[in-house]
Amino acid sequence: SGDAAGGAIFATAASLASPPCLVPVAAVALLCALGRVYFHCHHLLYVAMGQAVGVGVTLLLNRCIQASWMSMILSQLCLVGLWPLIQKAKPHGAVKQALSSDGLKIDQGAQK
């Protein structure tokens with residue numbers, strides 16, 4: 001989920017630039033991720049992977065530059081550049097159907 005990745009980038013960069021902000025920004029990122037699942041926009045796995053990618057991009061960028069508020073913008077730009085590659089890694093076809101709630105209902109009905 002790109003929204004979860006963006007929230008994770010914001011939380012990670014903000015907490016690295018200003019450690020006292022860790023709890024509030026982590027709460028915002030968590031609510032962003034849970035909202036994507038709650039409103040059935042994404043599966044939990046997509047959201048978890050989005051957050052992992054967001055945190056990873058920010059931490060890798062942080063190794064190259066000193067943590068600052070600018071690293072948030074640079075992390076977002078890196079994510080935009082990497083997003084086409086990330087989209088290719090998403091499951092397609094039968095795997096996607098098996099992960100969907102409709103696919104699970106069909107599978108459960110076929111087993112009866």
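Here, every reference points to the structure presented above.
Residues numbered from 1 in each chain as written. Predicted model: local features only at pLDDT ≥ 70, side-chain atom pairs only at ≥ 80, totals over all residues. Heavy atoms only, no water.

**Student:** Is there a simple way to think about the packing of helix α1 (residues 2–17) against helix α2 (residues 22–38) in this case?
**Tutor:** The angle between the axes and the distance between the axes are what describe a pair of packed helices. Contact pair α1 / α2: the axes reach a minimum separation of 9 Å and the direction vectors enclose 175°. Accordingly, the angle class assigned to the pair α1 and α2 is roughly antiparallel. Taking contact as the criterion, the partners of Asp 3, Ala 4, Gly 7, Ala 8, Phe 10, Ala 11, Ala 14 and Ser 15 in α1 are, on α2, Leu 22, Val 25, Ala 26, Ala 29, Cys 32 and Arg 36. (Axes fitted to C-alpha atoms, helices over the stretch in contact; angles between N-to-C directions. Helix = DSSP H or I, 4+ residues; strand = E, 2+ residues; numbered from the N terminus. Parallel < 35°, antiparallel > 145°, perpendicular 65-115°, else oblique. Contact = heavy atoms within 4.5 Å.)

**Student:** Explain helix α3 (residues 44–64) to me, please; I cannot follow it from the model alone.
**Tutor:** In this model, α3 (21 residues) spans 31 Å end to end at C-alpha, consistent with the 30 Å of a helix rising 1.5 Å per residue. Among all positions of α3, only Tyr 46, Val 47, Gly 50, Gly 54, Val 57, Thr 58 and Leu 61 are buried. Viewed along the axis of α3, the buried residues span an arc of 100°, placing them on a single side of the element. Facing away from the buried side of α3, by more than 90 degrees, are the exposed residues Leu 44, Leu 45, Leu 60 and Arg 63. (Expected span 1.5 Å × (residues − 1). Buried < 20%, exposed > 50% of the residue type's maximum accessible area, 1.4 Å probe, protein only. Arc of directions from axis to C-beta.)

**Student:** Is there a simple way to think about the environment of Cys 78 in this case?
**Tutor:** The topology assignment puts Cys 78 in helix α4 (residues 70–88). Spatially, the C-alpha atoms of Cys 78 and Leu 61 are 8.7 Å apart, while their sequence positions differ by 17 residues. Dropping the residues within four chain positions of it, Cys 78 is found in contact with Val 57 and Leu 61.

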